[in-house]
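Observations on chain architecture
The primary structure of each chain is shown beneath.
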Amino acid sequence: MDLLRSRIPAFLGRAVAPLLLAAAASGAAAQQEANRFPAAAVSFLGGELPAMEAAIAARDRDYFEDAMGRMLGFSDSWGFKTRDNPALARFPMCTDAVSDFLVVGLCRIMTTSSACEPGMEAKFNRNLQQCRDLAAKL
């Protein structure tokens, strides 16, 4: 029985060490991956904004429902809506631009909505430009 007890810590050490190394490596990968987030956000918005402009021109509210799903999928994949990726806190201009683009677009269709705050579109445009500038640097 004593022989078994002495083997358990050694076995656990051999079993746990690779998991700890993998966790540390994935943390480092998440940090590096975070540096790609501004470019990914700009790319995502670059695909959505022309489609949103067309939907606004056509007063097509259905676009926004589908786009909400795509936006949630994008944000979930990067973990910024659930706080799974704290490394993205360095890029609030990008997370805000992704989060706000649909509201800004809807406010262009439904101008009397209480969710439409004055200056919201200007703030979105400022965040988008800052995100684009950052993406160009990284």
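What you are looking at is a predicted structure, and each value in this text was computed from that prediction instead of being measured. (Residues numbered from 1 in each chain as written. Predicted model: local features only at pLDDT ≥ 70, side-chain atom pairs only at ≥ 80, totals over all residues. Heavy atoms only, no water.)

1. Quick notes on the overall build of the protein
- A tally of regular secondary structure across the protein gives 5 helices and 0 strands.
- Walking the protein from its N terminus toward its C terminus, one meets helices and strands in the order α-α-α-α-α.
- The contacts of the protein with a sequence gap of at least 6 include a subset with a gap of at least 24, amounting to 72%.
- Only carbon and sulfur atoms are counted for the fraction: they give 59% of the accessible area of the protein, which is about 8700 Å². (Helix = DSSP H or I, 4+ residues; strand = E, 2+ residues; numbered from the N terminus. Contact = heavy atoms within 4.5 Å. Areas by Shrake-Rupley, 256 points an atom, 1.4 Å probe, with all protein chains shown as cover.)

2. Regarding unusual backbone geometry
- Residue Arg-59 is not a glycine yet carries a positive backbone phi of 55 degrees.
- Within the secondary structure, Arg-59 sits in the loop between helix H2 (37-58) and helix H3 (62-78).

3. Points about the state of the cysteines
- Applying the stated criterion to the full structure yields 2 disulfides.
- Here Cys-94 connects covalently by a disulfide to Cys-131, the sulfurs 2.1 Å from one another. Residues Cys-94 and Cys-131 are joined through a disulfide that is right-handed, its torsion about the S-S bond being 110 degrees. Of the two residues, Cys-94 is situated in helix H4 (residues 92-109) and Cys-131 in helix H5 (residues 120-137); the sequence distance between them amounts to 37 residues. Both residues of the pair, Cys-94 and Cys-131, count as buried.
- Sequence-ordered numbering of the bonded cysteines in the protein gives a pairing of 1-4, 2-3. (Disulfide = S-S within 2.5 Å. Buried < 20%, exposed > 50% of the residue type's maximum accessible area, 1.4 Å probe, protein only.)

4. Topic: H3
- Taking 1.5 Å per residue, 17 residues should reach 24 Å; H3 reaches 25 Å between its end C-alpha atoms and fits that length.
- Gly-79 sits one or two positions beyond H3 and adopts a positive phi of about 75 degrees. (Expected span 1.5 Å × (residues − 1).)

5. Structural notes on a negative patch on the surface
- A surface patch of negative charge is lined by Asp-60, Asp-62, Glu-65 and Asp-66.
- In this fold, Asp-66 is placed in helix H3. (Patch = residues over 30% accessible without salt bridge, like charges linked within 9 Å, V, L, I, M, F, W, Y side chains within 5 Å. Salt bridge = Lys/Arg side-chain N within 4 Å of Asp/Glu carboxyl O. Lys, Arg positive; Asp, Glu negative; His and termini not counted. Charge placed at Lys NZ, Arg CZ, Asp CG, Glu CD.)

6. Focus on H2
- With 22 residues, H2 should cover 32 Å at 1.5 Å per step; its first-to-last C-alpha distance of 31 Å lies within 8% of that length.
- Among all positions in H2, only Phe-37, Pro-38, Ala-41, Phe-44, Leu-45, Glu-48, Leu-49, Met-52, Ala-55 and Ile-56 are buried.
- Following H2 by one or two positions, Arg-59 adopts a phi angle in the positive range, close to 55 degrees.

7. Details of the pattern of salt bridges
- Inspection of every chain in the model, using the stated rule, returns 3 salt bridges.
- Across the pair Glu-48 and Arg-70 runs a salt bridge, and its minimum N-O distance is 2.6 Å. Placement of the pair is Glu-48 in helix H2 and Arg-70 in helix H3, with a sequence separation of 22 residues.
- On the accessibility criterion, Arg-70 (35% relative accessible area) is partly exposed.
- Glu-53 is the salt-bridge partner of Arg-108, the closest N and O atoms lying 2.5 Å from each other.

8. Brief notes about the packing of aromatic side chains
- Within the structure shown, the criterion is met by 6 aromatic pairs.
- With a centroid separation of 5.2 Å and 65 degrees between ring planes, the pair formed by Phe-37 and Trp-78 is classed as edge-to-face. With Phe-37 in helix H2 and Trp-78 in helix H3, this residue pair connects regions lying 41 residues apart in the sequence.
- On the accessibility criterion, Trp-78 (12% relative accessible area) is buried.
- Aromatic side chains Phe-44 and Phe-101 sit 5.9 Å apart centroid to centroid with 85 degrees between the ring planes, which places their arrangement in the edge-to-face category. Here Phe-44, found in helix H2, pairs with Phe-101, found in helix H4; they are 57 residues apart in sequence, far enough to count as distant. (Phe/Tyr/Trp six-rings, centres within 6.5 Å; stacked < 30°, edge-to-face > 60°.)

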